[in-house]
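Geometric and topological summary
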Amino acid sequence: MQEELRKKIDYSVVCVNEFAQHHSLNPRAAFLYLYNHKGIQFLDEHYDIEHTLSLEDAVDDLGVICAQNGGTLE
């Protein structure tokens, strides 16, 4: 169980950093944006599928999820 949790956390950190870089945000701002617009929740709930995709796909998915939940970055 601990190993699975560690993998989810590591993957989420990588996704937050990639999202931050893609949107020219610092990692803290990216995390808060993703948290407030359900992106972090999405990564947690859909880890089994998302971690098999490219990071570019994950960043795109996070953008869609956040936009559906009131986020506006673009």
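Next up on the list: the overall build of the protein chain. Scanning the protein chain for helices and strands turns up five helices and zero strands. Along the chain direction, N to C, the helices and strands of the protein chain fall in the order α-α-α-α-α. Over its C-alpha atoms the protein chain spans a radius of gyration of 11 Å, differing by no more than 12% from the 11 Å that the globule rule assigns to 74 residues. Principal-axis analysis of the C-alpha atoms places the extent of the protein chain at approximately 35 × 20 × 20 Å. Each of the 74 residues in the protein chain was classed as buried or not, and the buried ones make up 31%. A sequence separation of at least 24 residues applies to 65% of the contacts in the protein chain between residues at least 6 apart. Positive and negative charge centroids in the protein chain, built from 5 and 13 side chains respectively, lie 10 Å apart.

A few words now on the packing of aromatic side chains. Within this structure, the stated rule accounts for three aromatic pairs. Judged by centre distance (5.9 Å) and plane angle (25 degrees), the ring pair of F31 and Y35 falls under stacked. Residue F31 and its partner Y35 are both found in helix α2 (residues 27-36); the two are separated by four residues, about one turn of the helix.

A separate point is the packing of helix α1 (residues 2-22) against helix α5 (residues 55-68). Where α1 contacts α5, the axes come no closer than 9 Å and their chain directions differ by 75 degrees. By the angle class used here, α1 and α5 are roughly perpendicular. Listed contacts from α5 to Y11, V14, C15, E18, F19 and H22 of α1 are L55, A58, V59, L62 and G63. For the contact of α1 with α5, the class distribution of residues is eight nonpolar, two polar and one charged.

What counts and how
Residues numbered from 1 in each chain as written. Predicted model: local features only at pLDDT ≥ 70, side-chain atom pairs only at ≥ 80, totals over all residues. Heavy atoms only, no water. Helix = DSSP H or I, 4+ residues; strand = E, 2+ residues; numbered from the N terminus. Rg over C-alpha atoms; globule rule 2.2 N^0.38 Å. Buried < 20%, exposed > 50% of the residue type's maximum accessible area, 1.4 Å probe, protein only. Contact = heavy atoms within 4.5 Å. Lys, Arg positive; Asp, Glu negative; His and termini not counted. Charge placed at Lys NZ, Arg CZ, Asp CG, Glu CD. Phe/Tyr/Trp six-rings, centres within 6.5 Å; stacked < 30°, edge-to-face > 60°. Axes fitted to C-alpha atoms, helices over the stretch in contact; angles between N-to-C directions. Parallel < 35°, antiparallel > 145°, perpendicular 65-115°, else oblique. Nonpolar A, V, L, I, M, F, W, Y, C, P; charged D, E, K, R; others polar.

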